[in-house]
Each structure stands twice: as structure tokens, then as C-alpha cells.
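For reference, the chains in residue letters:
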Amino acid sequence: MRDKLLGAAAGRPLLVVAALTIVLLLIFLSGATRNLPLDLLTRSYSAPEEGPQNCSLASPIEPAKDKLLGGLLSPAFDEPSCLSRYQSAQFWKSSNHTPSPFLLQKLRSYEALHKRCGPHTDLYNKSIEQLRSNRSTGPLECNYVVWLQSGGLGNRLMSLISTFLYAILNNRVLLLSVPDDLHDMFCEPFPGTSWALPSDFPIKKLETHDFYRGSPQSYGNLLKNKVLSNGMNTTLASLPAYLYLHLMHDADDSDKMFYCEDAQPLFQSFPWLFLRSNQYFAPSLFLMSQYNDELQKLFPEKETVFHYLGRYLLHPTNSVWGYVTRYYEAYLANAKERVGIQVRNFPNAPVKLELMLDQVVNCTLKEKILPDIKVEVPANLTTSGVKPKAVLVTSLQTGYFEKLRNMYYEHSSTTGDAIGVYQPSHEELQRTENQNHNTKALAEMYLLSFSDVLVTTAFSTFGYVAQGLGGLRPWMVLRPDNQNPPCRRALSMEPCFHFASGYDCKAGRNIDKGTVVPHVKHCEDLDFRWGLKLFD
């Protein structure tokens, strides 16, 4: 369409063409119009036939960036089958972090394990026979942890990364029970195999089976009823074929005994673990002494856990990646600086939009993320040759976008910068079980991760994913409660484990887990004290 418009204009008088060009440039730089919504980009997508050439990169992208991310990614994949795997590096800011050689070795070893034990291999089939027997036979050559989803997309991805970390620490194979609303959203992360649980898996309807709080097969329930106990020596014949770990926000005290060091040897007796969580429970693994040495070698920089494992595991499929790259090139690629602003709703403790909007505006102005405006002066008329600062707003509502857009459309900035404000979608309500909704959410997480400066909302798992992928320490906008400041700078790019257990298993009482080791502290964005986060 753009080529046709330009072709038609070519025959008109030069004066008309020049005038049209100036008008279009002014509109673009001011952010006056509503940018093309992500909905239209998603509907216009068609799958690429050849691959890379269908996802061209804009000229400001540095072509020399390492597509394997310092050896984090295996080169064994066919690139056109999953464009995002090797192209994402071209969009992210250059990182000051380098993965440890031990982590790279561990990932290559895990890939070999997964290929040997993945679905429908001989060793997998042997493990399935054990599962059908309805009793534990002790650890096998291949042992598994099956991830079960819960919550919104941000919660799911954080729990998935935590589960993968648990898998590699315990030499288990990670398999996913993929819900319908996540189908065709992520590429396979391990070469030559699959991480998806096969359709012929003997336990059907995993989302409605005995995998819920207090279910008969749950670790917490078996512990409570003294069928199991941490550190116990039990005959294998008396153990069930699998164990369910309920690590949700509503986990009870018995479920949380998972975080006791002496529970881990017990779990080794089960070839099959099923784990459901909506939490980033990775920090708790750093409080278990049996993992200390390995975690230190894997992550000398503690704040890089999600950063590395997220970039390793989470690759949008070509259909999702098409939305990301088209939106980026249409609105963000030519900016001199990209600012991401993510604002979440608080459905359980609502905040008036006007109050939260004040927090966002005050934060961006106070911290000089965005320039102030000249109230009495209209927008600049001379913007020729000026590269704009692009502001990407992601929110379920349009109010934040509209306020910022109007600020810089109607008034000049004090710095003379042209500010373009864009919002890909506005769903109004979170629709977790809708695939189109999740597709937009994943696309916007990635777009936010390409920011030079990121502003997120306290307690937001959506923001946590974006900052982790991008390797960014965001400014976190706080709720306007208790005279909070507008925002606070994160001291780590790691997500927060919101509902961590405070129980000290050895002492038999609750303690302050944020003071046990130097690198596990309380989260900066929470008002309550049991949230934990990894720091350097």
C-alpha cells in the first residue's frame, strides 16, 4: 500500500509532494495519530516461506551483534524455522554480562540429556511404563519434572524459568503440559527433540486431574497425613508413582516444606514430579546449601538467572515474531531512544487511573526519563531531520497513552526533542485463556525488552519478564499509597518471588529470609516483607 501511495504521488507537482511529506513528518514525530494497533498487525500476518529475509532489520540495528548470545544458544537449529532465536540479539541493548563457561557446558549437557530422554525415546517409554505401574521404582536413568501452567502469561513464564532451573540442578528433564492458549507461541528450545508432553501421555486432563492444592497426590497432603516425611527412608513399594508439587501463591505450610533442604533427597525417589506454580521461586533454590556450589558456578552474577534462562528458553514462533518486528520497524526503529512504559491494573486493590497516571508522569519527569513540556508554547514546527524519542506504552487501558501523547502533541518539550507515543493494544480486561490475548502480551513483552530505558509497575510479572529479557534495571512505578514516591529504581533485573516462605526448617520457626545470605534480599517494589529477590 505504501509503495502504491508513493507511486501515485510521484506524478503530482513537486510542491504538493513536498507539502505532503512535511505534513506526514510532523504527524509522525508528534505522535498525533493513533498508531496502527497490534490487532491489525496480527491479522495481516502470513507465515514466511523462506524465513530471514521476511523479517528484515531496520538500519539502526547493529548487524554485528552475537546471535548466539555468547554461546548461550546452540547453533544446531534451522534458523528460518524460528527467526526470533537468532534475531532477538539484534534488537536488545548490548549486554555487559557474559554467561559463565559452566552455564554453557551445563546447557549443552542438558540438551544431550533431553534428546536422550525426550518424548517417545526408548528411555522415555521405559519411564512411562513405570508411571503406568502406579508405584515408584526409585530414580531411573531419565527422571522428569512436568510443568503445569497457572495464572497470566507473566506468571507462567516466571514459573517456567524457575522450573527449568530446578530441572537442571536435579538432572531432570523438563516437559510442558501446554494449554490451548499457549499453542504455537514458543519455538522448541532444545535441538532435535520436544519439550511438549505428548498427546498420548497416560495421565489425561492434567489441568483437572489431581493437581491442585490439597489433592491426594500432592506432597503437602502426603506430608500432612504422614504418608511421607522429609528425610525419611521409605520402601519404594509404598511410594506412589509420581508426586505433585503445589508451589502456588496459595500453597499451605505443608506444601512450602518443599523449600526445606531435607525434602530434596525424598524427591529423588520419584521419577515423575508434576509442578504447578505461578511464582518465580528461583531465589528459594539459592537458600538451599546443596545447590550452593553449582549455582555459584552457573551464575557468578546472581541477577542474571532469568536474563540468561529466559533468553535461552523463550523464543516466539515466527507468527508472533512477525508482529514484534513489524511493529518495531513501523514505530520504534528510527528513534534516537526508546522508552518503554508498562502500567498494570490492580483488580484486587483498584487504583484510580488519574492517581496512577500522576505517578507515571511524575516518575518520568522527575527522573528525567522524558522531558517536561512548555505549557504556553505549542508543539515545535521545525522537526525536519530530528529523530524522535519513541515511547512505547503497554497497558490494558488507553488513558496512559492518551495523556502522554497529548502532552507532547499539544506542547513543545523543554529539550526540543520530538516525542512519539505509541500503544500496540488495549484489551481493557486480562483474558488469560485467550490465545490472541496472550499473543499480544508476548509481543509487547518483547517490544518492551528492546527499550533503552524501561519503566514498569511494582508487583507486575509482565514487567518482570520484559526487564529480564532485556537485561534492564527498570524504574518501578509504585502505587500512590502511604505517600510512596512516584517510582524507585530497581537494583537488580531479576523478578521478585512474591509469596516466599519465611519458614526456617532447621530452626522450626519463621525468620527473615531476606537476611540469610547477601544475594537474596527483599524486593524493592513490595510493601510486605516476605517477597525475595536475587541481587549482586
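Please refer to the structure higher up on the page.
Just so you know, these numbers come straight off a predicted model, no measurement behind them.

Conventions we followed
Residues numbered from 1 in each chain as written. Predicted model: local features only at pLDDT ≥ 70, side-chain atom pairs only at ≥ 80, totals over all residues. Heavy atoms only, no water. Pairing = 2+ DSSP bridges. Helix = DSSP H or I, 4+ residues; strand = E, 2+ residues; numbered from the N terminus. Axes fitted to C-alpha atoms, helices over the stretch in contact; angles between N-to-C directions. Contact = heavy atoms within 4.5 Å. Disulfide = S-S within 2.5 Å. Buried < 20%, exposed > 50% of the residue type's maximum accessible area, 1.4 Å probe, protein only. Polar contact = N/O pair within 3.5 Å; in protein donor to acceptor, adjacent residues only side chain to side chain.

This paragraph deals with the sheet that holds strand β9 (residues 419-422). The strands that make up a sheet are held in pairs by hydrogen bonds between backbone atoms, and each pair lies either parallel or antiparallel. Strands sit in the order β9-β7-β5-β10-β11-β12 across an open sheet of six strands; the sheet is mixed. Looking along the sheet, the strands with just one partner apiece sit at the ends: β9 and β12 (487-489). Sheet twist, expressed as the mean angle between neighbouring strand axes with direction ignored, is 20 degrees. Across six bridges, the pairing between strand β5 (residues 337-342) and strand β7 (residues 389-394) is parallel. Looking at the pairing, Gly 340 lines up with Leu 392 of β7. Along the sheet, helix α14 (residues 353-366) contacts β5, β10 (453-457), β11 (475-477) and β12; its crossing angle with β11, the most-contacted strand, is approximately 155 degrees. Of the strands in this sheet, β5, β7 and β10 are in contact with helix α17 (residues 461-470), which crosses β10 at around 160 degrees.

A separate point is the sheet that holds strand β1 (residues 144-148). If you trace the four strands from one edge of the open sheet to the other, you get β2-β1-β4-β3, paired in parallel fashion. Every interior strand has two partners, whereas the edge strands, β2 (173-177) and β3 (242-246), have only one. Adjacent strand axes in the sheet meet at a mean angle of 25 degrees, parallel and antiparallel pairs treated alike. As paired elements, β1 and β2 share five bridges and run parallel to each other. Looking at β2, one finds that Trp 147 is bridged to Leu 176. Seen against the sheet, helix α5 (residues 101-117) touches β1 and β2 and runs at an angle of roughly 60 degrees to β2. Seen against the sheet, helix α6 (residues 122-132) touches β1, β2, β3 and β4 (272-276) and runs at an angle of roughly 85 degrees to β4.

Moving on, we get to the state of the cysteines. Under the counting rule described, the total for this entry stands at five disulfides. Disulfide partner of Cys 260: Cys 505, at an S-S distance of 1.8 Å. Linking Cys 260 and Cys 505, the disulfide has an S-S dihedral of approximately -80 degrees and is accordingly described as left-handed. Of this pair, Cys 260 sits in the loop between β3 and α9 (264-267) while Cys 505 sits in the loop between β13 (503-504) and β14 (509-510), and the two are 245 residues apart along the sequence. A sulfur-sulfur separation of 2.2 Å characterises the disulfide bridge that pairs Cys 363 with Cys 487. Looking down the S-S bond of the Cys 363 and Cys 487 bridge, the torsion is 85 degrees, so its handedness is right-handed. Of this pair, Cys 363 sits in helix α14 while Cys 487 sits in strand β12, placing them 124 residues apart in sequence. Of the two residues examined, Cys 363 and Cys 487, each falls in the buried class. Sequential numbering of the bridged cysteines in the protein gives the disulfide pattern 1-4, 2-3, 5-9, 6-7, 8-10.

Mapping Lys 106 onto the fold places it in helix α5. Among the residues examined, Lys 106 registers a relative accessible area of 16% and is labelled buried. Once the C-alpha coordinates of Lys 106 and Ile 168 are considered, the two residues, 62 residues apart in sequence, prove to be 7.7 Å apart. Excluding residues within four positions of it along the chain, Lys 106 makes contact with Ile 168, Asn 171, Glu 294 and Leu 298. Reaching out from Lys 106, the side chain makes a polar contact with the backbone oxygen of Ile 168 at a distance of 3.3 Å.

Turning our attention to the environment of Asn 155. Looking at where Asn 155 falls in the secondary structure, it is placed in helix α7 (residues 153-169). By relative accessible area, Asn 155 is classed as buried at 17%. Sequence spacing of Asn 155 and Phe 462 is 307 residues, and the spatial spacing of their C-alpha atoms is 7.7 Å. Sequence-distant contacts of Asn 155, defined by excluding residues within four places in its chain, comprise Ser 150, Asn 278 and Thr 461. Side chain to side chain, Asn 155 and Thr 461 meet in a polar contact 3.2 Å long.

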